[in-house]
Every structure is written in C-alpha cells, then in structure tokens.
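Report on the structure
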Amino acid sequence: MSYAKLAGLQPIYGLYSGFVPVFVYAIFGSSRQLATGPVALVSLLVSNVLGGIVDSSDELYTELAILLALMVGILECIMGLLRLGWLIRFISHSVISGFTTSSAIVIALSQAKHFLGYDVVRSSKIVPLAKSIISGVDKFSWPPFVMGSSILAVLLFIKHLGKSRKQFGFLRAAGPLTAVILGTTFVKIFHPSSISLVGEIPQGLPRFSIPKGFGYAKSLIPTAMLITGVAILESVGIAKALAAKNGYELDSSQELLGLGLANIFGSFFSAYPATGSFSRSAVSNESGAKTGLSGIITGIIMGCALLFLTPLFEYIPLCSLAAIVISAVMGLVDYEEAFFLWRVDKKDFLLWTITSATTLFLGIEIGVLVGVGASIAFVISESANPHTAVLGRLPGTTVYRNIQQYPEAYTYNGIVMVRIDAPIYFANISYIKDRLREYELGVDKSTRHGPEVERIYFVILEMSPVTYIDSSAVQALKDLHQEYKSRDIQIAISNPNREVLLTLTKAGLVQLIGKEWYFVRMHDAVQVCLQHVRSINQETKHPDPLPVDEPDIFRRLLNQIEEDLSVAKLESGDITDSQLEPLLSRSQKS
C-alpha cells in the first residue's frame, strides 16, 4: 500500500500488484526465493512519468499505470524469449549504485509530505522537491511529524536488531507490520484529526478487465523500457545471488519470462508494474523458503487480506506508510560504494558521480540514460584502446613478462617483444599500430642484452591473449608488414590461437610473413631473432666485399639458422636447435 501511494495510486492497487503477479511468478519463474510485487524504485518511475501526462486523481492515471504493467510484461517476455538478458551486462555496478542512491534520496524526500503535514510538489528532481519543502514550512504540523518519526525509529531499530542478531532475524519481516499496527492502534484510541489516514479500501478480489488507454502507449514506451531495465537489474541480480547462496542454477531467460508473464497477467487484474523486491526476497530466504510454494502461500494470504481485512486498513496513518517506504530505501543509499570506488578505481568513481548527480538534478530518466551512455562509452574506450605491453625475459627463466611490472626483465638489442591483450578488430587496430611504432622508438635500453646494434630489426607479437581478429585488422597487419619490410624489419608471431591462425592463413598473411616466423613460444621466437641479430652484428663489423652478388639479407640469415645457435652468448638458457618449436613447419605447403 505504501508503494502504491508512492506511485500516485490508491493503496488498493498495491495489494492487487502483490496478488496475481505472485501466483504467476511462482509458476513460471525460476527463483525459489524471489518475492515479487511493487517496489519503491518502479513506483517512483510510474509516478514520475504518469504525473506529467495526467493528474493522479484522474481515472486515466490508474488506467495508464495498469497499461504500463502490460507493456513492461511484454518487453520482459520478448527479452526472455530472445535471450537478451546479456544486454544488461553493459551497465556497470557503479552506474547501478549511483542511480539507486540518488533515487532513494528522491523517494525519501517525496514522502516528506506525510511527515510534515502539507503537500509537496511531485517531482523526481531534488531541487523542486527541496524548494517545495522549504516554501511550505509555515504549514508544518507536528503531530504527523512526531508520529512518523517515532514509527521510523522503531522500524530502524527492528531492522538493526534483525541484522545484528541472528536469533532476531525474523524481526526484519515484522518491522512494517509493527509500524502499521502501532499507527493504527494509536489512531483508533486517540482519533487525532491532524493525522491523515488511508481511508476506505474496496473489499474483495480484483476483477478481470482489459487494460485501457492504448492511445497513450507510444508515449509510455520509453518509461516501459526503463522500468524493464530496472526490473531486470533488480530482480535478476537478487535472484542470481539467492540461487548461488542456496546452491542451484538460475535460468536468466526463464526469470525474464516469469516476470513478464507475472506483469501481463497482473495487468488484467488491475496491477501496476511488479518486480522482485530485495528486502522481501531477503526475508523470504531467511524464513527458509525452498520452493516457489512460498510465493503461492504469500498470494493466498494476500487474497485473504483482500477478502476480509481491508476494513482494518482504513485507519492506517499515511505517515506510517511513509515511514515504511523511507526505511526500505535507506538501505539503497550506497555512499560506502563511492568511498570504495574512490580508493580502487577513479574511472568507476567518475561513473558513480555522473550517474548520481544527473539522477538527482536532472531526473531519473536522464540519469539512467546518462549513466548507461557513460558506461557504454567506457566499454568502447577500453575496447578501442586495449592494453599492450613490451615484454622482457625474467632472469634465469624462459618466461616473458611486462617490463613495467618486472623492471629486472631482460630486453634485447634489435628486438621488440610486444603482447596484445585484447581481440584485434577495426576499432582498435589503429591504436595498436601506433603503440607498435612507439615501442619501436621508445623502449628503455638500460636492461637490454645481446649483440649491440643501432636499430630494431625484429618485432615479435605475442598473440596468445588475442581471441579474435577481423578482416580490417588483417589488412592493417599486411600494411604494417610492408611498412616494416621497407625498413628491413621482420615481424614474428608467437602463439596465436587456432581461430586467429586460421584467419591469418585464409587471408594470406601467414605466407606473406613467412611460416618460419610463426612460433609456439615467445622464447623460440626470441632465440631465432637473436641469432639473426648476432649475424647482422658480425656482418656489420666484417662487411662483405661483394654485396651485389649475395642474396637478400633475410634469405642469407635463414640459411644460417641451422649452422650455429650460441645459446650462452644469447643468454637464452640451455636449449638446442632441436628444441625450437616453430608453429608452422617450414616444409608445410600453404
């Protein structure tokens, strides 16, 4: 009932949303502990969008809220059937945290009118809410404030006791009920005129009816999509956590289908959008729920309340319901996450700040769009600017690691060893090429070993982390090969996976570079390249008097590979030529 009031609806519609959807989800959903029904965030979204279309006292307002449940249900079913739940992965945890934190503050402020005793403007932005609260301070009434604050204090105490003491865990479920009983008892005894009450609530089960207001469906699509996204984030996240805790697998697509059907069937029985509730699901889990039967029992109890208990609800103070909402959303204010992100990752902290600020000052819809947009922009940026590293050999081993992480690692004169830590495709190949040019010019020479030469002759690409390469990247590598070849630089490839190697073969890059330059291990590639560098160094000191009659330098060097590998001089361990493992046999035909 308190969430229905937050949504701008009569309290009875909160009961309807906790009746039919509960039964449907228990049958079609996959979680055994998830408790469905109205929640604070979805209720605020409903209020925010419908308040801009029609007054909450108008019958059309209720019709559009019910239509919204149908639209949300259809979207959830479509996503479930097409298995599109993975799309939500692009929204980072910092965006969700920032959004829910600001939304919780807005929700709490929107309930202030029941504490203060005067109306507050309906808005999802903090500035209009704050202005309205301040401007109406002369109408302040202390009885609802005292009563609401007292009930809120009781709720917070019960919640704290339930969390801190395991033996009192059951009290978490009893908190809202206690608030309602205390408020109702006080009103029945003292009959205070300054305390606003829920009022008369229709008795009986909801009747079947077709949702109306389809003429407004087009304008409701953005909100329906937003509620669907929020519902998926909240419900699937909670359901997965509970499934992991209880040792069973959760089918995300089945979960979306169950939520969608719950909203569709609910809309035919006067329910507004429902989704999984974090607090009620936690209570369900702590109460020992093991199957969907717990949801069916909840639905039966709700049905009994609709049939027999609604006359008692008439005397519930609105400040009691407001206290329940404020108590529920206080746990969503995740300021600790902001401090954590500041310490751990400044980028995520920036995302949290952007989402939180835009949600607070520009509204929930804009906050979500900006947060999701920023999150996707970060994903694109990371993908288009992948991590690359210059490698060096750890002393006394054949292991090659990032020289920034291991400054003691050996690099070699005339050779640059680079690892690419991402798939290579059209969006990042230009960045990778730029980084390779930088490494060619700017590698630290203080840890270099091997024969001294004046420039780079070999670039070895460690491609084991590369899971995919597309045609644009292949063409770019061809161009890079030609550029290097014009400057007498040879590319060598180390350990590409099967799919990448197949793509390179089909594109002719294997034959273009030469099969002898593909290796299973980085160490093998380094040994061969070092031998060539040594040969080049010797030729530089003793130049050939008849260079015109000699074959191409790389052809000469290939003929000398089998002649002599002086391992000790090359600081590459006790490995003989027979232990080299080229990735492709030199005799193998393309």
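Residues numbered from 1 in each chain as written. Predicted model: local features only at pLDDT ≥ 70, side-chain atom pairs only at ≥ 80, totals over all residues. Heavy atoms only, no water.

1. As for the overall build of the protein chain
- Per the secondary structure count, the protein chain includes 25 helices and 10 strands.
- Looking at the 590 residues of the protein chain, the share that counts as buried comes to 51%.
- Summing over all exposed atoms, the protein chain offers an accessible surface of approximately 28,300 Å²; the carbon and sulfur share of this is 61%. (Helix = DSSP H or I, 4+ residues; strand = E, 2+ residues; numbered from the N terminus. Buried < 20%, exposed > 50% of the residue type's maximum accessible area, 1.4 Å probe, protein only. Areas by Shrake-Rupley, 256 points an atom, 1.4 Å probe, with all protein chains shown as cover.)

2. Remarks on the pairing of strand S3 (residues 388-393)
- In terms of burial, S3 is a largely internal element, six of the six residues being buried.
- Side chains of S3 alternate between two faces, with Thr 388, Val 390 and Gly 392 and Ala 389, Leu 391 and Arg 393 buried alike.
- With three bridges joining them, S3 and strand S6 (residues 415-420) adopt antiparallel strand pairing. Along S6, the bridge assignment pairs Val 390 with Val 418.
- Pairing between S3 and strand S4 (residues 400-402): three bridges, direction antiparallel. Each residue of the ladder has a partner; that of Arg 393, found in S4, is Tyr 400.
- As consecutive antiparallel partners, S3 and S4 are separated by six residues, and within that stretch Gly 396 has a phi angle of approximately 80°, a positive value. (Pairing = 2+ DSSP bridges.)

3. Observations concerning the environment of Lys 346
- The topology assignment puts Lys 346 in helix H17 (residues 346-362).
- Lys 346 sits in the partly exposed class, given a relative accessible area of 45%.
- A distance of 2.7 Å separates the side chain of Lys 346 from the backbone oxygen of Trp 342, its partner in a polar contact. (Polar contact = N/O pair within 3.5 Å; in protein donor to acceptor, adjacent residues only side chain to side chain.)

4. A look at the confidence of the model for the protein chain
- Put simply, the protein chain has an average pLDDT of 83, and 88% of its residues get 70 or more.
- This model gives residues 544-581 a pLDDT under 50, and the stretch forms 60 contacts once residues within four places in sequence are excluded. (pLDDT = per-residue confidence, 0-100. Contact = heavy atoms within 4.5 Å.)

5. So, unusual backbone geometry
- In the Ramachandran plot, Ser 270 falls in the positive-phi region, its phi being about 65° despite a non-glycine side chain.
- Here Ser 270 lies in the loop between helix H12 (252-267) and strand S2 (275-277).
- Judged by its relative accessible area of 14%, Ser 270 is buried.
- The phi torsion at Asn 495 lies on the positive side, around 55°, for a residue other than glycine.
- Mapped onto the elements of the fold, Asn 495 is located in the loop between strand S9 (490-494) and helix H21 (498-506).
- Residue classification places Asn 495 among the partly exposed positions, given a relative accessible area of 31%.

6. Brief notes about the sheet that holds strand S10 (residues 518-519)
- Within the open sheet, the six strands sit side by side as S4-S3-S6-S8-S9-S10. Their pairing is mixed. A single partner strand is all that each edge strand has here, and the edge strands are S4 and S10.

7. Digging into the pairing of S6
- Burial of S6 is extensive: six of the six residues sit out of reach of the surface.
- Judged by which residues are buried, S6 turns out to be covered on both faces: Ile 415, Met 417 and Arg 419 on one side and Val 416, Val 418 and Ile 420 on the other are all buried.
- One ladder, built from five bridges, connects S6 with strand S8 (residues 458-462); its direction is parallel. By the bridge assignment, Val 416 is partnered in S8 with Val 459.

8. Here we look at helix H14 (residues 293-313)
- Along its length, H14 shows its largest kink, about 60°, at Leu 307, and proline Pro 311 lies within four residues downstream of that point.
- Within the span of H14, buried status applies to Gly 295, Gly 299, Gly 303, Ala 305, Leu 306, Thr 310 and Phe 313. (Bend = angle between axes of the 7 residues up to and from the residue.)

9. Thoughts on the side chain of Gln 490
- With respect to the element layout, Gln 490 can be found in strand S9.
- For Gln 490, a relative accessible area of 8% gives the class buried.
- There is a polar contact of 3.5 Å between the side chain of Gln 490 and the backbone oxygen of Ile 513.

10. A word on the packing of aromatic side chains
- Evaluation of the coordinates by the stated rule reveals 10 aromatic pairs.
- Between Phe 186 and Phe 190, the aromatic rings sit 4.8 Å apart at their centres with planes inclined by 40°, giving tilted as the arrangement. With Phe 186 and Phe 190 both in helix H10 (residues 171-190) and four residues apart, this pair spans about one turn of that helix.
- A ring pair is formed by Trp 342 and Phe 349, whose centres lie 5.1 Å apart and whose planes are at 70°; its orientation type is edge-to-face.
- The exposure class of Phe 349 is partly exposed, given its relative accessible area of 23%.
- Ring pairing ties together the aromatic residues Phe 208, Phe 268 and Phe 269, which thus form one cluster.
- The aromatic ring of Tyr 315 is capped on one face by Lys 188, whose charged end is 4.3 Å from the ring centroid. (Phe/Tyr/Trp six-rings, centres within 6.5 Å; stacked < 30°, edge-to-face > 60°. Lys NZ or Arg CZ within 6 Å of the ring centre and 35° of its normal.)

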